Amino acid sequence: MNDEYESLLGRLRARRSIRDFQDLPVSRADLSRLFEAARWAPSNHNRQPWRFLVLEDRARIAALAAGVGRRLGELAESLPAVAAPHAQELVRHATVFGRAPVVIVALHRRPVQLAQPLMREAETPVLVSGEPLSVAMAVQNLLLAATALGLGTCVLTAPLLARSAVEAAIALPAGCEPTCFVAVGYPAETPPPPRRKESGLIVEYLDSPTPP
Ligand SMILES: Cc1cc2nc3c(=O)[nH]c(=O)nc-3n(C[C@H](O)[C@H](O)[C@H](O)COP(=O)(O)O)c2cc1C
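Because the structure is predicted, anything quoted here is derived from the model rather than measured. (Residues numbered from 1 in each chain as written. Predicted model: local features only at pLDDT ≥ 70, side-chain atom pairs only at ≥ 80, totals over all residues. Heavy atoms only, no water.)

A complete count under the given rule lists 10 salt bridges for this structure. A salt bridge links Arg 71 to Glu 74, with the shortest nitrogen-to-oxygen separation between them at 2.7 Å. Here Arg 71 and its partner Glu 74 are both found in helix 3 (residues 58-76), 3 residues apart, which amounts to about one turn of the helix. Its relative accessible area of 29% is what places Arg 71 among the partly exposed residues. By relative accessible area, which is 43% here, Glu 74 ends up partly exposed. (Salt bridge = Lys/Arg side-chain N within 4 Å of Asp/Glu carboxyl O. Helix = DSSP H or I, 4+ residues; strand = E, 2+ residues; numbered from the N terminus. Buried < 20%, exposed > 50% of the residue type's maximum accessible area, 1.4 Å probe, protein only.)

What follows concerns the environment of Ala 100. Mapped onto the elements of the fold, Ala 100 is located in the loop between helix 4 (87-95) and strand 2 (102-109). For Ala 100, a relative accessible area of 1% corresponds to the buried category. Distance from Ala 100 to Leu 24, taken between C-alpha atoms, is 9.4 Å for residues 76 residues apart in sequence. Other than its neighbours up to four places away in sequence, Ala 100 contacts Phe 21, Arg 58, Ile 61, Ala 183 and Val 184. (Contact = heavy atoms within 4.5 Å.)

The environment of the ligand is made up of 13 residues, and the closest members are Arg 15, Arg 16, Ser 17, Arg 19 and His 93. One nitrogen or oxygen atom from the side chain of Ser 17 is found 2.6 Å from an oxygen atom belonging to the ligand. Here the ligand, which alone exposes 630 Å², has 69% of that area covered by the protein. Considering each element in turn, the shell around the ligand owes the most residues, 3 residues, to strand 3 (residues 152-156). Taken together, the residues that form the shell around the ligand break down as 6 nonpolar, 3 polar and 4 charged. (Near = heavy atom within 4 Å. Polar contact = N/O pair within 3.5 Å; in protein donor to acceptor, adjacent residues only side chain to side chain. Areas by Shrake-Rupley, 256 points an atom, 1.4 Å probe, with all protein chains shown as cover. Nonpolar A, V, L, I, M, F, W, Y, C, P; charged D, E, K, R; others polar.)

The subject of this paragraph is the environment of Ala 158. Summarising the element assignment, Ala 158 is placed in the loop between strand 3 and helix 7 (163-169). Classification of Ala 158 by relative accessible area gives buried; the value is 11%. Sequence spacing of Ala 158 and Ala 106 is 52 residues, and the spatial spacing of their C-alpha atoms is 14 Å. If we ignore the near neighbours within four places in the chain, the residues touching Ala 158 are Leu 72, Leu 90, His 93 and Ala 94.

With respect to the helices, strands and loops of the structure, His 108 is situated in strand 2. Under the relative-accessibility criterion, His 108 is labelled buried at 8%. Discounting chain neighbours no more than four positions away, the residues touching His 108 are Pro 49, Val 126, Glu 131, Pro 132, Val 135, Gly 175, Cys 176, Glu 177, Pro 178 and Thr 179.

As structure tokens, then:
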């Protein structure tokens, strides 16, 4: 087997979502290495529709998590009775970034208005526009770079459910939408890899290969 592939696969498998961090700062030099990796991601029409806001103040990060937790708690009050028991777990899932020394808010630019008429048949126009997907690819680059530097990360979208709490804490740049949070820090846990679906369950070859 090709060594380069094996080595890349090893790195992909080694990345884990980390939700518990050591009480250590992350240097600006390492943060800039993460963004260097991020900016080489592919993007729609090479628009590079990403922005990254970096939070490094622990008190501010903790306050943001508390605000998200409070707002999600309020929203969860109107959940149907059958879902209500899961509300606490959701709040926990949305606020684990509160103990991270660094939180990156990844943003995508809103798609250009001119393209709207082309989107009539698309069920999810924002996804088809490519902006959030481009940011997701940049974020994956960033996660892999973090793993290579010994840093732990966790992508979070649950905090975005509490949009008003996020907006109250962070001035979002005009024309940008938050795509996800990324918690970053030195890991204080080594979680086992969560189970993956086998390829046979997720891949369907629609044709036989065309003979040469
Ligand atoms: C788009 C996306 C959103 C996620 N949102 C959250 C989140 O809100 N809270 C959280 O604790 N983990 C979140 N995760 C992390 C997943 O739970 C994690 O990737 C998954 O369980 C697989 O574990 P692994 O990353 O260690 O392989 C998110 C991951 C992705 C890709």
